Amino acid sequence: INDALVIIKISILAFFVVVGIGAVKLDNFSPFMPNGSVGVMQGAALIFFAYTGFARITIVSEEVKDPQKIIPRAIILALVISTVIYLLVSFTAIGLVGYHELAASGSPLADAAMSESKNAANLISIGAIAAILSVLLTTLLGLSRLTFAMARNCDFPKLFTKLHPKRATPYNTILVFGILMALFAAFTDILRAASISNFASLLYYAIANYAALRLEKPLYPRIISVLGLITCIALLLFLAQDAWIVGSTVIFAGAVYY
């Protein structure tokens, strides 16, 4: 299912780029940074949640053949391919209608496609639905395995360690967190949810980089961990105040529980 959803959304994004890139107006990129470097950093901090999927690949290591080779390769390939797609789609969208119109839109890519063709806009909307379903599916996949591992370590109820007798999947965690995710998706403001999610992600990435610095025999040059730690902390500083308040409260509650 995930493969099918990814093929659909990438095909539609490729169609959007191919159809729209010829109509790009370079005037829409002037000024290039209308909100300055601070605006760029705020944008980077806000969009960071989109990149957490790369770490999610590691969560299914137990279910992958030859994970020492496959998992790093999957992360690097996904990162490179996704970055190229992000750049091409962003360039095309901004070039078609400009950042002002995109910022005011609830469906920016569809509106950008509408400037070329109504049928293209409808196709982009289908791609958006496929993208959301794909993200929710992979999030649930990662979250269920993470919860399963925590329950195995007695950090969650043993109920979450039960595996399906035929499919060997942690079905209780999939059901419980699938319902919770559906409720959050239906009733949560997306910008606020992304900001809070980014706070958690950036914080645990910062901790992971710091932990790598403490290894007696690091696998990679320490400069990689140093740069990772600095950039995570820098992006944290550009998140909204409510993300800090909610994120800190949850971390404190988790620490007390632990």
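As the structure is a prediction and not an experimental result, all values here were calculated from the model.

Criteria and cut-off values
Residues numbered from 1 in each chain as written. Predicted model: local features only at pLDDT ≥ 70, side-chain atom pairs only at ≥ 80, totals over all residues. Heavy atoms only, no water. Helix = DSSP H or I, 4+ residues; strand = E, 2+ residues; numbered from the N terminus. Buried < 20%, exposed > 50% of the residue type's maximum accessible area, 1.4 Å probe, protein only. Contact = heavy atoms within 4.5 Å. Lys, Arg positive; Asp, Glu negative; His and termini not counted. Charge placed at Lys NZ, Arg CZ, Asp CG, Glu CD. Core = buried A, V, L, I, M, F, W, Y, C linked by side-chain atoms within 4.5 Å. Polar contact = N/O pair within 3.5 Å; in protein donor to acceptor, adjacent residues only side chain to side chain. Phe/Tyr/Trp six-rings, centres within 6.5 Å; stacked < 30°, edge-to-face > 60°. Salt bridge = Lys/Arg side-chain N within 4 Å of Asp/Glu carboxyl O.

Q: Could you give me a rundown of the overall build of the protein chain, with the residues and numbers involved?
A: A count of helices and strands for the protein chain gives 11 helices and 0 strands. Element order for the protein chain, N to C, with α for helix and β for strand: α-α-α-α-α-α-α-α-α-α-α. Across its three principal axes, the protein chain shows a C-alpha extent of roughly 55 × 45 × 40 Å. For the protein chain, with 258 residues in total, the buried portion stands at 24%. Across the protein chain, contacts joining residues at least 24 apart in sequence account for 64% of those joining residues at least 6 apart. Considering the protein chain, the positive charge centre built from 17 side chains and the negative charge centre built from 12 side chains are found 12 Å apart.

Q: Break down the nonpolar core for me, with residues and values.
A: In this structure, Phe16, Ala112, Ala113 and Ile124 are the most contacted members of the largest nonpolar core, which totals 14 residues. Secondary-structure elements contributing two or more residues to this core are helix 1 (2-20), helix 4 (67-97), helix 6 (108-114) and helix 7 (118-152). For this core, the element with the most residues is helix 4, which contributes 4 residues. Those residues in contact with Ile124, other than ones at most four positions away along the chain, are Ile12, Phe16, Leu109, Ala110 and Ala113. Membership of the second largest hydrophobic core comes to 11 residues, among which are Phe199, Ala206, Leu236 and Ala243.

Q: Can you break down the side chain of Arg145 residue by residue, with the values?
A: For Arg145, the position within the fold is in helix 7. For Arg145, the side chain forms a polar contact with the side chain of Ser144, separated by 3.1 Å. Setting aside residues up to four positions removed in sequence, Arg145 forms contacts with Ile59, Glu63, Thr169, Pro170 and Ile174.

Q: Explain the packing of aromatic side chains residue by residue, including any values.
A: Aromatic ring pairs are defined here through the distance separating the ring centres and the angle between the ring planes. Tallying each qualifying case throughout the model produces 6 aromatic pairs. Centre to centre, the rings of Phe29 and Phe91 are 5.0 Å apart; their planes meet at 20°, and the pair counts as stacked. Taken together, the residues span a long stretch of sequence, with Phe29 in the loop between helix 1 and helix 2 (36-47) and Phe91 in helix 4 at a distance of 62 residues. The class of Phe29 is buried, set by a relative accessible area of 18%. Taken together, Phe48, Tyr204 and Tyr205 form an aromatic cluster joined through their ring pairs.

Q: How would you explain the pattern of salt bridges if you had to name every residue and give the values?
A: Tallied over the full model, the rule gives 3 salt bridges. When the shortest N-O distance is used, the salt bridge between Glu62 and Arg152 registers 2.8 Å. In this pair, Glu62 is assigned in the loop between helix 3 (53-59) and helix 4 and Arg152 in helix 7, connecting sequence segments 90 residues apart. Put simply, Arg192 and Asp242 hold a salt bridge, and the shortest N to O gap is 3.0 Å. Taken together, the residues Arg192 in helix 9 (residues 190-213) and Asp242 in helix 11 (residues 241-257) connect sequence positions 50 residues apart. Classification of Arg192 by relative accessible area gives partly exposed; the value is 45%.

Q: For the environment of Val250, give the residues involved together with the corresponding values.
A: Within the secondary structure, Val250 sits in helix 11. When the C-alpha positions of Val250 and Ala200 are compared, they lie 9.4 Å apart, and in sequence the two are 50 residues distant.

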